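Chains, contacts and geometry: an overview
For reference, the chains in residue letters:
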Amino acid sequence: MTRINSKISVVKAFVFVSLLLILSNQGCNSQSGKEPGDSLNKASPSPTIHVVFTGEENGYLEPCGCSEVQLGGFPKRHTLINPLRGKDENWILLSLGDLPGKVGRQDEIKMETALDALGRMGYVAHNIGEKDLNMGIDLLGYLSQISNVDFVSSNIVDLDTSAFNIKPYIIKEIKTEESILKVGILGIVSPELIESAYLDVTVVDPVLALKPLLSDLYDKTDILILLSHAEMEESIKIAEVYPELDLIISGHLVDRPDLYLKKVDNTYVIPVGEKGKYVGKITLSTRRKESGEDEHVNSSSPAIETTPLDGKFEDSSEITMLLEIYQERLKDEELLAQVFKSDPPSNLTYIGNDDCAACHNKIFKHWEETGHASAYETLVKAEHEYDPECVECHVIGLNYFTGFETIESTPALKGVGCESCHGPGSDHKETLSKDYGKVGIENCEICHNDEHSPHFEFEEYWQKIKHPAEEK
């Protein structure tokens, strides 16, 4: 190489190099439309992956939808996710936990259906939440064996590994144009959320449980993700203790996930929301190891989206068919006949709409013109008439003895009838008591709650169903 000795030569060389850099920038800018200097700052971009995450469905396979369009549902989620995955292969789908909402046979079928849906969408991992755990370790073990989605838990111990296919972490390889990335996925559930003392498992403090796992994973992976089934405050503390985590998916009891995004140093803590109403997405760059130190190649903020599953998304035919099979299973197992029932208040009994009509004919005829009268028919139209969770609000007294059982055995108790609001009418029929069944807003909100009827306004709705003046 020729050495430049003179000051003039140094200046010429500097000018020559500067011109080359300017021309190089102009060439890049003409193709990409970026500002000068961008191509220099990102001359060697790091590989990226797209992480899609959901969770805390709490038993909502689909929204109620009997009165108005609502957020959420597995069919809409499938419609959103499928085109995303078709663009390229560097996607990874993760589930935070809590597929079921309650404990019982219906939620067992529901959890199996939900896992089937996640598998069809291509989910990689499902973290175990406290409601998953409440379903019982026998069912959890069975589902972990048959599911196409890997179960992960980093702080639940004492599980028989021969019966449970549950891993403390997963390493997922993602092929990009530049390289093959290794993504480490861990999952925890907060011990504060575990209420069932009878469960034969031990839930370790997440901070203690994660330490040896992260030490083992750090040099083996390019990106580290924690599924943290905990409230945001606890997840933020974990981020402070373990800055090597690139992403923490969290947010127990967060209704609007877009309002609670946090960043702790280089770790993003992002909630998922509840009841499957939202789908979260973040694009992450790999970290690069240089001289024994880690650097985040992209200093700019990653692309983060929280998409509400609203009316913009059609219901996927594939997942809709899966939910139809779910409804058929509820019918075949006759779960409507297995609903837990208790005694009505004051040992009263339900008498049915026809008995009310005998004395209150004018009111009864008005009721027949309201949506309450045809409430059961809306379930038949939606093919949900064998679903106990739906039937409960569309008939009279499902959860009480002498209340609705089946349409064949108790046809007089279908629809939202007089006794749905006023209570069992046996005593009123016998005594004609005038203080029977006073109704307030609290009676309406049993069914017109935030999930079933999010736009419910008592005064507005009352005008649609209030009684006409009764003749003396």
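Residues numbered from 1 in each chain as written. Predicted model: local features only at pLDDT ≥ 70, side-chain atom pairs only at ≥ 80, totals over all residues. Heavy atoms only, no water.

**Observations regarding the state of the cysteines**
In this structure the tally under the stated criterion is one disulfide. In this model C393 forms its disulfide with C447; the gap between the sulfur atoms is 2.2 Å. One disulfide, between C393 and C447, carries an S-S torsion of -95° and so falls in the left-handed class. On the criterion of sequence distance, the pair formed by C393 in the loop between α13 (388–391) and α14 (418–422) and C447 in the loop between α16 (441–444) and α17 (458–465) is long-range, its members being 54 residues apart. With no disulfide of its own, C390 lies 6.3 Å from the sulfur of C64, the closest cysteine sulfur. (Disulfide = S-S within 2.5 Å. Helix = DSSP H or I, 4+ residues; strand = E, 2+ residues; numbered from the N terminus.)

**Things to note about a negative patch on the surface**
There is a patch of like negative charges on the surface, built from E324, E328, D332, E334 and E383. Classification of D332 by relative accessible area gives exposed; the value is 57%. (Patch = residues over 30% accessible without salt bridge, like charges linked within 9 Å, V, L, I, M, F, W, Y side chains within 5 Å. Areas by Shrake-Rupley, 256 points an atom, 1.4 Å probe, with all protein chains shown as cover. Salt bridge = Lys/Arg side-chain N within 4 Å of Asp/Glu carboxyl O. Lys, Arg positive; Asp, Glu negative; His and termini not counted. Charge placed at Lys NZ, Arg CZ, Asp CG, Glu CD. Buried < 20%, exposed > 50% of the residue type's maximum accessible area, 1.4 Å probe, protein only.)

**Examining the packing of helix α4 (residues 105–121) against helix α6 (residues 137–146)**
One way to put it is that α4 packs onto α6 with a least axis distance of 11 Å and a crossing angle of 20°. Viewed along their axes, α4 and α6 adopt a mutual orientation that is roughly parallel. You can see that α4 and α6 cross each other, and the crossing is right-handed. Mapping the contact onto sequence places E108, M111, E112 and L115 in α4 and L139, L140, Y142, L143 and I146 in α6. Taken together, the residues of the contact of α4 with α6 break down into seven nonpolar, no polar and two charged. (Axes fitted to C-alpha atoms, helices over the stretch in contact; angles between N-to-C directions. Parallel < 35°, antiparallel > 145°, perpendicular 65-115°, else oblique. Left-handed = near helix turned anticlockwise from the far one by under 90°. Contact = heavy atoms within 4.5 Å. Nonpolar A, V, L, I, M, F, W, Y, C, P; charged D, E, K, R; others polar.)

**With respect to the sheet that holds strand β3 (residues 125–127)**
A sheet is described by the order of its strands in space; here seven strands give the open sequence β6-β4-β3-β2-β1-β14-β17, paired in mixed fashion. In the strand order of this sheet, the two ends are held by β6 (166–167) and β17 (304–308), each with one partner. Here strand β1 (residues 48–54) pairs with strand β2 (residues 91–95) via five bridges, running parallel. Paired with F53 across the bridge in β2 is L94. (Pairing = 2+ DSSP bridges.)

**Side note on the pairing of strand β11 (residues 247–250)**
Going residue by residue along β11, you find L247 and I249 tucked away on one face and I248 and S250 tucked away on the opposite face as well. Pairing between strand β10 (residues 223–229) and β11: three bridges, direction parallel. Following the sheet pairing, L227 is matched in β11 by I249. Each parallel crossover has a hand, and for β10 linked through helix α8 (residues 232–241) to β11 it is right-handed. Here β11 runs beside strand β13 (residues 267–271); their pairing, made up of four bridges, is parallel. Directly across from L247, in β13, lies its bridge partner Y268. (Right-handed = clockwise from strand over helix to strand, strands pointing away.)

**Notes on the environment of D158**
Looking at where D158 falls in the secondary structure, it is placed in the loop between β5 (156–157) and β6. Each C-alpha atom of the pair D158 and V203 lies 8.9 Å from the other, and the pair is 45 residues apart in sequence. Not counting the four nearest positions on each side in its chain, D158 is found in contact with D200, V201 and T202.

**What about the pairing of β10?**
The buried fraction of β10 is high, at seven of seven residues. Of the two faces of β10, the one carrying I223, I225, L227 and H229 and the one carrying L224, L226 and S228 are both buried. Across seven bridges, the pairing between strand β8 (residues 180–189) and β10 is parallel. Following the sheet pairing, V183 is matched in β10 by I223.

**A short note on the nonpolar core**
Residues F74 and I156 are the most contacted members of the largest nonpolar core, which totals 41 residues. Elements supplying a minimum of two residues to this core: α3 (74–87), β2, α4, α6 and α9 (317–332). If one sorts the elements of this core by residue count, α4 sits on top with seven residues. Those residues within four positions of I156 in sequence are excluded, and the remaining contacts are I128, L133, V189, V201, T202 and V203. V152, I174, L181 and I249 belong to the second largest nonpolar core, which has 24 residues in total. (Core = buried A, V, L, I, M, F, W, Y, C linked by side-chain atoms within 4.5 Å.)

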